[in-house]
Amino acid sequence: MSLLEVKNLQVHYGGIEALKGISFEVNEGEIVTLIGANGAGKSTTLRSICGLVQKSGGEIVYQGKPITNLATQKTVEQGIVLVPEGRRVFPNLTVLENLKIGAYLRKDDAGIQEDIKHVYGFFPRLEERHWQMAGTLSGGEQQMLAVGRALMARPKLIMMDEPSLGLAPLVVRDIFSIITRINSEGVTVLLIEQNANAALRIAHRGYVLETGNIAMSNTGHALLNDDRVRQAYLGKSEK
Amino acid sequence: MALFWQNVANGLTVGSLYALVAIGYTMVYGILRLINFAHGDIFMMAMYFAFFAISIFYIPWYIAIILVLVATMLLGMLIEKTAYAPIRNAPRISLLISSIGVSYLLENLATVLFTGVPRQFPSIGSLQNSLVIGGVTIQQLAIYTPVVMLILVALLLTLINKTKTGMAMRAVSKDFETAKLMGVNINRTISSTFAIGSMLAAVGAIMWGQKYPQIQPYIGVMPGLKCFIAAVIGGIGNIKGAVVGGLLLGMLEIMIVYAQPGLSGYKDAFAFVALILVLLIRPTGLFGEKVTDKV
């Protein structure tokens, strides 16, 4: 069943057409990835889904209901969360407060406490540093915190914007294995990545975005072996 | 010696009043990066509210104070909604200019509505009466003002550091968009910041009226500027800084005149000299915003 359906979505920034009518869907329980070069419109896509960007056309349907012009706060309420590009943890809040603010719209204190434990289970480092200001964490730790903070909203759909950006290779591996674990716990994942290789490896399905259009779509495995994708995004030439 | 302690008490009173108003500057700056130049005029309006409630409508002062606090709070929120919210995404300079516009608007509105004739501020309870402690005669106000200020600051710091609303305020002050992604209502958070800042200015205004019981439409200008300076001395954006800055500035003004009575004509200039010195030596102020970002 499709959890999220994007139909002919168009976005303009001033006179520039960032998205020229893209359509894709994300089914419940899947990891779907959008790959593409810089400026292809990946971030814009995620930002329009959670209501941060004004759309100029098209429709977004979530759980069978249109959410095209919903305010950000409402989309969060519906269980759509975004892990923004560049982590964007609140540097002046402690690690624990960053997690708590992720659960800002929830009222069930017991459930929140439980979820904090759950996040600490994913990322023991965050528990060790729970009293520190988030601004003092390393890049990898901040990314863990950003993911943990998103999980605190108990999302149905978690969208991640370049979670591996600027991280050491070992940390990148951790992040991707965490994404798989989150998904196996029943959270649907929409992932955008420059690291197409790693993203396609864990994704059930993938879409290739090229200058505001969907150029290709297939299963993650098939895209990983597709010659065009290999050439353009994986940096491997044909033998 | 009695004179010395009298001056200390005086400095403490004035300093506490500065602190109450300076907090409003610092909170608004913290969340919007805006120097709200209308803050001094919100202070002036609060004084008129109190004057009308007590001297014209004969409302008992303990009820009047509550009405004045609520009215000033609403005024602050109204200003934010009409003059700042519509241009929130514009460059900061537009907000600044808008706040100067609001300042002129309030001053002239007050002149039209209330006339420029100075009015007598009503006395509240026994605040203006004197009492003698160890041979030193001081106004009761000198005891109440610092105590009220410290209680309100303690409450405010608890609100900001321990509650969900406070956490949202701190988050919004760093990053609007990400705060939105957490489901925080930005408009409401900014509104409450203005509400709190204006309410504290109203408390300051009522007590100011006990010390200097005269009101006219431009009464807010000088205290407004000085409290802005107090906020800068303490490190704008930092609430404890605003308190320390306010107390320092109040003490400085009173004690310099005490030590050098010949300088009393320049009393209002000290604050500006202090501002220049702070900007030259330590532009971020005493408790300038902590930068914990790690790139």
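Quick caveat, the model's predicted, so the values are computed rather than measured. (Residues numbered from 1 in each chain as written. Chains lettered and ligands numbered in written order. Predicted model: local features only at pLDDT ≥ 70, side-chain atom pairs only at ≥ 80, totals over all residues.)

**Some details on the overall build of chain A**
Next, step 1: Summing up its helical and strand segments, chain A has 10 helices and 10 strands in all.
Next, step 2: Scaling as 2.2 N^0.38, a compact globule of 239 residues should have a C-alpha radius of gyration of about 18 Å, and chain A matches this with 18 Å.
Next, step 3: Each of the three principal axes of chain A carries a C-alpha extent, and together these read 50 × 45 × 35 Å.
Next, step 4: Looking at chain A as a whole, 46% of its 239 residues are labelled buried.
Next, step 5: Counting only contacts in chain A whose residues sit at least 6 apart along the sequence, the fraction spanning at least 24 positions is 66%. (Helix = DSSP H or I, 4+ residues; strand = E, 2+ residues; numbered from the N terminus. Rg over C-alpha atoms; globule rule 2.2 N^0.38 Å. Buried ≥ 20, exposed ≤ 12 C-beta atoms within 10 Å, placed from the backbone. Contact = placed C-beta atoms within 7 Å.)

**Looking at the interface of chain B and chain A**
Next, step 1: With 17 residues of chain B in contact, the opposing surface of chain A contributes 22 residues.
Next, step 2: Counting only elements with at least two residues in the side of chain B that touches chain A, the list comes to helix H6 (164-174) and helix H7 (176-181) of chain B.
Next, step 3: Considering each element in turn, the side of chain B that touches chain A owes the most residues, five residues, to H6(B).
Next, step 4: Residue composition of the side of chain B that touches chain A, by class: six nonpolar, four polar and seven charged. (Nonpolar A, V, L, I, M, F, W, Y, C, P; charged D, E, K, R; others polar.)

**Topic: the sheet that holds strand E10 (residues 213-219) of chain A**
Residues and elements named next belong to chain A.
Next, step 1: Within the open sheet, the six strands sit side by side as E6-E7-E8-E3-E9-E10. Their pairing is mixed. The open sheet has two edge strands, strand E6 (80-83) and E10, and neither has a second partner. Averaged over all neighbouring strand pairs, the angle between strand axes comes to 15°, with direction disregarded.
Next, step 2: Here helix H1 (residues 42-49) sits on the sheet and contacts strand E3 (31-36), E6, strand E7 (157-161), strand E8 (188-193) and strand E9 (205-210); the angle it forms with E7, its principal contact strand, is near 145°. (Pairing = 2+ DSSP bridges. Axes fitted to C-alpha atoms, helices over the stretch in contact; angles between N-to-C directions.)

**Quick notes on the sheet that holds strand E5 (residues 65-66) of chain A**
All names here are of chain A.
Next, step 1: Read from one edge of the open sheet, four strands run E2-E1-E4-E5, paired in antiparallel fashion. Every interior strand has two partners, whereas the edge strands, strand E2 (16-27) and E5, have only one.
Next, step 2: Taken together, the five bridges between strand E1 (residues 2-13) and strand E4 (residues 57-62) define a ladder with antiparallel strand orientation. Note on E4: the bridge partner recorded for Glu5 is Val61.
Next, step 3: Packed on one face of the sheet, H1 meets E1, E2 and E4 and runs near 65° to E2.

**So, the packing of helix H1 (residues 2-32) of chain B against helix H9 (residues 221-234) of chain B**
All names here are of chain B.
Next, step 1: Between H1 and H9, whose axes approach to 8 Å, the crossing angle comes to 70°. By the angle between their directions, the pair H1 and H9 is classed as roughly perpendicular. Taken together, the residues of H9 that come into contact with H1 (itself represented by Tyr18, Ala19, Val21, Ala22, Tyr25 and Thr26) are Pro223, Lys226, Cys227, Phe228, Ala230 and Ala231.
Next, step 2: For the contact of H1 with H9, a count of residues per class yields 10 nonpolar, one polar and one charged. (Parallel < 35°, antiparallel > 145°, perpendicular 65-115°, else oblique.)

**Examining unusual backbone geometry**
Residue and element names in this part refer to chain A.
Next, step 1: At Asn8, a position not held by glycine, the phi torsion is positive, near 50°.
Next, step 2: Inspection of the secondary structure assignment puts Asn8 in strand E1.
Next, step 3: Overall, the presence of 12 C-beta atoms within 10 Å leaves Asn8 in the exposed class.
Next, step 4: Here the phi dihedral of Glu162 falls at roughly 50°; this positive angle occurs in a residue that is not glycine.
Next, step 5: Its place among the elements puts Glu162 in the loop between E7 and helix H7 (169-184).

**With respect to the pairing of E4(A)**
For a regular strand, side-chain orientation follows a simple rule: the groups alternate between the two sheet faces.
All names here are of chain A.
Next, step 1: Bridging between E4 and E5 involves two bridges; their strand directions are antiparallel. Across the sheet, residue Val61 finds its bridge partner in E5, namely Pro66.
Next, step 2: Where E4 hands over to E5, the hairpin turn is made up of two residues, of which Gln63 adopts a positive phi near 50°.

**Some details on the nonpolar core**
Next, step 1: Met159(A), Ala46(B), Met47(B) and Ala50(B) are the most contacted members of the largest nonpolar core, which has 159 residues in total.
Next, step 2: It is H1(B) that provides the largest number of residues to this core, a total of 16 residues.
Next, step 3: For Ala50(B), the residues in contact, after removing those within four places along its chain, are Ala64(B), Val68(B), Ala205(B), Ile206(B) and Gly209(B). (Core = buried A, V, L, I, M, F, W, Y, C linked by C-beta atoms within 7 Å.)

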